[in-house]
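Next come the chains, spelled out residue by residue.
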Amino acid sequence: MPYATTVEDGRYRTVCRMCHGGCGALVDVADGRLTAVQGDPDNPNNRGFLCAKGRASLAQLDHPDRLTRPLLRTGARGSGSYRPIGWEEALDRVAEALDTTRREHGPQSLVVAQGTDRNYQEWLFRFANSYGTPNVLGPAHVCFYPRVMAGILTMGAFTFCDYEGSPDLVLLWGCNKSMTHGDGVIGTRLLDAVRSGTRMLVVDPRRTALASRAEHHLQVRPGGDAALALSMIHTIIEANAHDHDFVARHTEGFDDLAEHVTAYAPEAVEHITGVPAGQVREAALAYAAAPAAAIELGTGAQQNRNSFQLCRAALILSALCGNIDRPGGDVIWEPPGIIGRRALPLTEALPEEQNRLRLGADRHRILSMAGWAHPRSVWDAVLDHRPYPVTSMLVHGSNLLVNYADSDRVHAALERLGFLAVADLHLTPTAAMADIVLPVGGWLERDQIVEHAHYVAARRKLAQVGDCRSDEYILTELSRRLGLRHHFWPHADASLDARLAPIGWDWKTLADRSYRPTELRYHKYRTDGFATRSGRLALRSDALRAFGYDPLPAHKPPADSPGDGPYLLTSAHSPFFFNSEFRNIPALRGKEPDPVVELHPQAAAREGIADGEWALVSARGRSIRLRARVTDRVAPDVIVAAACWWYPERGPDGGWRESNVNRLTVNDDENEEMGSSNFRGIRCSIRPVGAGGGG
Ligand SMILES: Nc1nc2c(c(=O)[nH]1)N[C@H]1C(S)=C(S)[C@@H](COP(=O)(O)OP(=O)(O)OC[C@H]3O[C@@H](n4cnc5c(=O)[nH]c(N)nc54)[C@H](O)[C@@H]3O)O[C@H]1N2
Ligand SMILES: Nc1nc2c(c(=O)[nH]1)N[C@H]1C(S)=C(S)[C@@H](COP(=O)(O)OP(=O)(O)OC[C@H]3O[C@@H](n4cnc5c(=O)[nH]c(N)nc54)[C@H](O)[C@@H]3O)O[C@H]1N2
Ligand code: SF4
Ligand SMILES: [Mo]
């Protein structure tokens, strides 16, 4: 794909976003080409490191399959038949469809969707709130938000792991940080800390590379995590190893908690956790004894029936041991003062009567409180018009068909929509269902403010591919056409200066300096208290009780159907891809050409599956095909499938049915508070592909 550079020759300091990460990058521009992307040695996050995805940035920039012009569907939905149209026509058509939706059904009948945060999430909320729909859909329920909201309900804030303060121990709960670098604090910092003596406690059903290096590896059965966390709490309280001073001065509900966890002695829950009680006790006491310990909660902890209460249990562990807001512990996030995560969404623009209409708010109130519509409720509203019809969707950067639970139902819903627009870099199977496809630029193609846990940084536009535009441009232009321009800036780039103004910076200053760390403050609660009603951290949460949820974390088993097979299925992200992306980049696909399923040698022998052979994994009457990797890194009854797989080389539907684990995940045992789908511990069977059946 030809592209044009938009800057003079030279070396530019910017921020990678092949994932949602935040690694400093240096990009060389010479003779009208981007010639190299490398890690920025001066960036404190990654100190020169770039992962395989970051190193593939230029392959993404000029990828031959990039969308370069807006497309209008000319054939049946999903057929991939489109004709190119100009931006004015495309935006006019989208605006007209959104205006019709608003007039005929009410603004709540539009769902605005996004994928993982690419630093424009708050723009989508601003657009939705201005338009009047309470329905913003995202993967929040299975990614990041269970822990954010557990923090909000427990202490009025959320925390991040403080590598600046050199933790003595890091507890990695379902988090493969060295491979996935989630949440903008990449694995480099963890590995640096480990090299200087930080110990690790890993909770993961797989013996990952990190688990192999850890002092303690608790090989939990998928989905058994909440019981495990509660048994660790029990162990610490029983041994009287908690921080009495912090507990007495700054928390509430300790006695109730202590009483509650007596039901979770490690021996009593061994059949749920799969971890020998002695190991649990040792690990819990090592955590409690560490002078400063921090917790990384990954998706392993957030994609199950107990996601929210498990995250709360982890925060309670941290609080019991005095690790909240301690150097090297779990530090409370403070906003950097720009118009960003807090103010940019313009929550106040959404009328209260619309706010009450958010889909799923009746059942998953904590998810709704965070502003997110509940995915299953969205598909119900599209397909069954319950509790009101959803007729239109505007999707920015999400491959809904692959990444959400029960893909077959998602597909049915996308087919039924009256209007679907998708903004993406590629014609994904989801984009191929759209009436209008809008081509967007990747990270090298936009000026953007990057806001992460403890810094603000500048991403620079260095190139222009085809007629691609930014998400911010699209939303600004749509808002103008829909009569909402007073809620936006005159043009998307005008927002850059405006958003930085509160801290006395402008875009040029940020771009020149590239990075502005947020000042870290510790022990803030000592002067301010916690932002809860009582000012104390809620071990027992009366606010949750008032919402109708458990005030103390409990383990609830998933809706189990043993008839579905003897194995427990879970999934994990690949180091070489980003969720469903990059399977079309040869340098990355070459590292992992096929979707992989890991299974134990005993299971392989029992089922007659050889290493490297194709296998069928089946649950609830559906089957998917993956290539077996026989390994004793997993327990004999556990199977780990590659998450988010499709085949970009296979035409418009991208073979989304064939190897997509979410065809086997069904939403009948979601988390109450957050509506998290259960991707962990699903009963399944496995057999060699030759053994008949399929699909
Ligand atoms: N079974 C199972 N399912 C899972 C998971 C799992 O572990 N197991 N993981 C879950 C998690 S944690 C998440 S976050 C979700 C991910 O779900 P999604 O966010 O839908 O995942 P991506 O595959 O990252 O899709 C992003 C799309 O955005 C496009 N894109 C990239 N940058 C931009 C941009 O700047 N603008 C626009 N408009 N488009 C862009 C990409 O080309 C890609 O098609 O999946 C969830 N699903
Ligand atoms: N290379 C790469 N980087 C990524 C992504 C990617 O797809 N690829 N995705 C990005 C996104 S959206 C996110 S949210 C983050 C995710 O980052 P992580 O949270 O690290 O995601 P995963 O690697 O999917 O899962 C972490 C670990 O959970 C384990 N696990 C599976 N089931 C269970 C369980 O029941 N209990 C416990 N305790 N552990 C379990 C898996 O074995 C895996 O090692 O990474 C981001 N970065
Ligand atoms: S971890 Fe993310 S931000 Fe860092 S180099 Fe890799 S893709 Fe880029
Ligand atoms: Mo995610």
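Bear in mind that the values here come from a model prediction, so they are computed numbers and not experimental data.

Visitor: How should I be thinking about the nonpolar core in this particular structure?
Guide: Here is a general trend for soluble globular proteins: nonpolar side chains tend to be buried in one another's company. Ranked by size, the top nonpolar core spans 109 residues in total, and within it F127, W173, I233, Y287 and L320 carry the most contacts. For this core, the leading source of residues is helix α14 (residues 307–320), giving ten residues. Each of domain 1 (71–137 + 351–444 + 470–486) and domain 2 (145–333 + 529–547) accounts for three or more of the residues forming this core. Setting aside chain neighbours within four positions, we find L320 in contact with I233, I237, H242, D243, V247, F254, L257 and L539. L71, V378, M393 and L414 belong to the second-largest nonpolar core, a separate cluster that totals 35 residues.

Visitor: It is not clear to me how the sheet that holds strand β8 (residues 136–137) should be interpreted in this structure. Could you clarify?
Guide: Strand pairing in a sheet takes place through backbone hydrogen bonds and is either antiparallel or parallel in direction. One open sheet holds the seven strands; their spatial order is β6-β5-β18-β17-β16-β7-β8, and the pairing between them is mixed. On the outer flanks of this sheet lie β6 (82–84) and β8, each paired with one strand and no other. Where strand β16 (residues 392–396) lies against strand β17 (residues 419–424), five bridges are found, and the strand directions are parallel. For L394, the partnering residue across the bridge sits in β17 and is A421. Across the sheet, helix α4 (residues 121–131) touches β7 (110–114), β8 and β16, and the angle it forms with β7 is around 175°. Along the sheet, helix α20 (residues 471–481) makes contact with β16, β17 and β18 (436–439), crossing β16 at roughly 145°.

Visitor: Would you explain the domain arrangement of the protein chain in this entry?
Guide: The figure often quoted for interface size is the accessible area lost as the parts come together. Here the domain parsing of the protein chain yields domain 1 (71–137 + 351–444 + 470–486), domain 2 (145–333 + 529–547) and domain 3 (562–691). Averaged C-alpha coordinates put domain 1 and domain 2 at centres separated by 36 Å. Summed over both sides, the interface of domain 1 with domain 2 buries roughly 610 Å², with 78% coming from carbon and sulfur. The three residues of domain 1 that bury the most area against domain 2 are R365, I366 and M369, which together make up 70% of that side's buried surface. If you look at where domain 1 meets domain 2, you find zero salt bridges. Here the side of domain 1 that touches domain 2 takes three residues from helix α16 (residues 365–369), the largest share from any one element. Taken together, the residues of the side of domain 1 that touches domain 2 break down into four nonpolar, one polar and one charged.

Visitor: When you look at helix α7 (residues 187–195) in this model, what are you seeing that I'm missing?
Guide: Every α-helical turn comprises 3.6 residues, leaving residues that sit three or four positions apart pointing alike. Counting buried residues along α7, seven of its nine residues qualify, which places the element largely inside the surrounding structure. The set of residues buried in α7 consists of G187, T188, R189, L190, L191, A193 and V194. Packed against the buried residues of α7 are β10 (169–173), α6 (177–180), β11 (199–203) and α8 (209–213). Within two residues after α7, G197 carries a phi angle of roughly 110°, on the positive side.

Visitor: Can you walk me through the site of ligand 1 in this structure?
Guide: In the vicinity of ligand 1, 32 residues are found, and the nearest of them are S398, N403, D424, D471 and S580. Here an oxygen atom of ligand 1 and a side-chain polar atom of S398 are 2.7 Å apart. Within the backbone of N399, one N or O atom sits 2.9 Å away from an oxygen atom of ligand 1. For ligand 1, whose free accessible area comes to 910 Å², the fraction covered by protein is 98%. Looking at the shell around ligand 1, its residues break down into eleven nonpolar, 15 polar and six charged. Two domains each provide a minimum of three residues to the shell around ligand 1, namely domain 1 (71–137 + 351–444 + 470–486) and domain 3 (562–691).

Visitor: Would you take a moment to explain the packing of helix α17 (residues 375–384) against helix α19 (residues 407–416) for this structure?
Guide: Two quantities define a packed helix pair, namely the angle between the axes and the distance from one axis to the other. Interaxial distance between α17 and α19 falls to 9 Å at its minimum, and their mutual angle equals 45°. Relative to α19, the element α17 is oriented oblique. Relative to α19, the crossing made by α17 is left-handed. Of the residues in α19, those in contact with W379, D380, V382, L383 and D384 of α17 are R409, V410, A412, A413 and R416.

Visitor: Explanation requested: helix α13 (residues 277–289) in the structure shown.
Guide: With 13 residues, α13 extends 18 Å between its outermost C-alpha atoms, agreeing within 8% with the 18 Å of an ideal straight helix rising 1.5 Å per residue. Of the residues making up α13, those classed as buried are A277, V280, A283, A284, A286, Y287 and A288.

Visitor: Would you take a moment to explain the site of ligand 2 for this structure?
Guide: Neighbouring residues of ligand 2: 33 residues in total, closest T180, D204, D225, T299 and F577. One of the side-chain nitrogen or oxygen atoms of D204 is found 2.6 Å away from an oxygen atom of ligand 2. Expressed as a share of its isolated accessible area of 910 Å², the protein-covered part of ligand 2 is 97%. Sorting elements by how many residues they give to the shell around ligand 2 places strand β24 (residues 567–572) first, with three residues. Its residues assigned to classes, the shell around ligand 2 shows twelve nonpolar, 16 polar and five charged.

Visitor: In this structure, what is going on with the UniProt feature "domain: 4Fe-4S Mo/W bis-MGD-type" (unreviewed entry) in the protein chain? I would like to understand it.
Guide: The UniProt feature table records "domain: 4Fe-4S Mo/W bis-MGD-type" (unreviewed entry) at residues 9–65. With 16% helix and 35% strand, the stretch residues 9–65 has end C-alpha atoms that lie 27 Å from each other.

Visitor: Please explain the packing of aromatic side chains as it appears in this structure.
Guide: Tallying each qualifying case throughout the model produces 16 aromatic pairs. On the numbers, 5.0 Å between centres and 15° between planes, the contact of Y525 with F530 is stacked. Judged by centre distance (6.1 Å) and plane angle (70°), the rings of W645 and Y647 are edge-to-face. Across the pair, Y647 and W645 agree in class, each one buried. Grouping aromatic residues by their ring pairs yields a cluster made of F125, F144, Y145, F158, W333 and W372. In this arrangement the basic side chain of R513 is found over the ring face of W505, its NZ or CZ atom lying 4.7 Å from the centre. Lying across the ring of Y647, R650 places its NZ or CZ 4.0 Å from the centre.

Visitor: Explain the environment of G187 to me, please; I cannot follow it from the model alone.
Guide: Position of G187 among the secondary structure elements: in helix α7. You can call G187 buried: its relative accessible area is 0%. Sequence separation between G187 and N45 is 142 residues, and the spatial gap between their C-alpha atoms is 9.1 Å. Beyond its immediate chain neighbours, meaning those up to four positions away, G187 contacts K177, S178 and H181.

Visitor: I'm lost on the environment of D245 in this one. Help?
Guide: Residue placement: D245 occurs in helix α10 (residues 244–250). Residue class for D245 comes out partly exposed when judged on its relative accessible area of 45%. Within polar-contact distance, the side chain of D245 engages the side chain of R249 at 2.8 Å.

Criteria and cut-off values
Residues numbered from 1 in each chain as written. Chains lettered and ligands numbered in written order. Predicted model: local features only at pLDDT ≥ 70, side-chain atom pairs only at ≥ 80, totals over all residues. Heavy atoms only, no water. Core = buried A, V, L, I, M, F, W, Y, C linked by side-chain atoms within 4.5 Å. Buried < 20%, exposed > 50% of the residue type's maximum accessible area, 1.4 Å probe, protein only. Helix = DSSP H or I, 4+ residues; strand = E, 2+ residues; numbered from the N terminus. Domains from an automatic or database assignment. Contact = heavy atoms within 4.5 Å. Pairing = 2+ DSSP bridges. Axes fitted to C-alpha atoms, helices over the stretch in contact; angles between N-to-C directions. Buried area = accessible area lost by both parts, 1.4 Å probe. Salt bridge = Lys/Arg side-chain N within 4 Å of Asp/Glu carboxyl O. Nonpolar A, V, L, I, M, F, W, Y, C, P; charged D, E, K, R; others polar. Near = heavy atom within 4 Å. Polar contact = N/O pair within 3.5 Å; in protein donor to acceptor, adjacent residues only side chain to side chain. Areas by Shrake-Rupley, 256 points an atom, 1.4 Å probe, with all protein chains shown as cover. Parallel < 35°, antiparallel > 145°, perpendicular 65-115°, else oblique. Left-handed = near helix turned anticlockwise from the far one by under 90°. Expected span 1.5 Å × (residues − 1). UniProt positions renumbered as here; feature names shortened; annotations may be inferred. Phe/Tyr/Trp six-rings, centres within 6.5 Å; stacked < 30°, edge-to-face > 60°. Lys NZ or Arg CZ within 6 Å of the ring centre and 35° of its normal.

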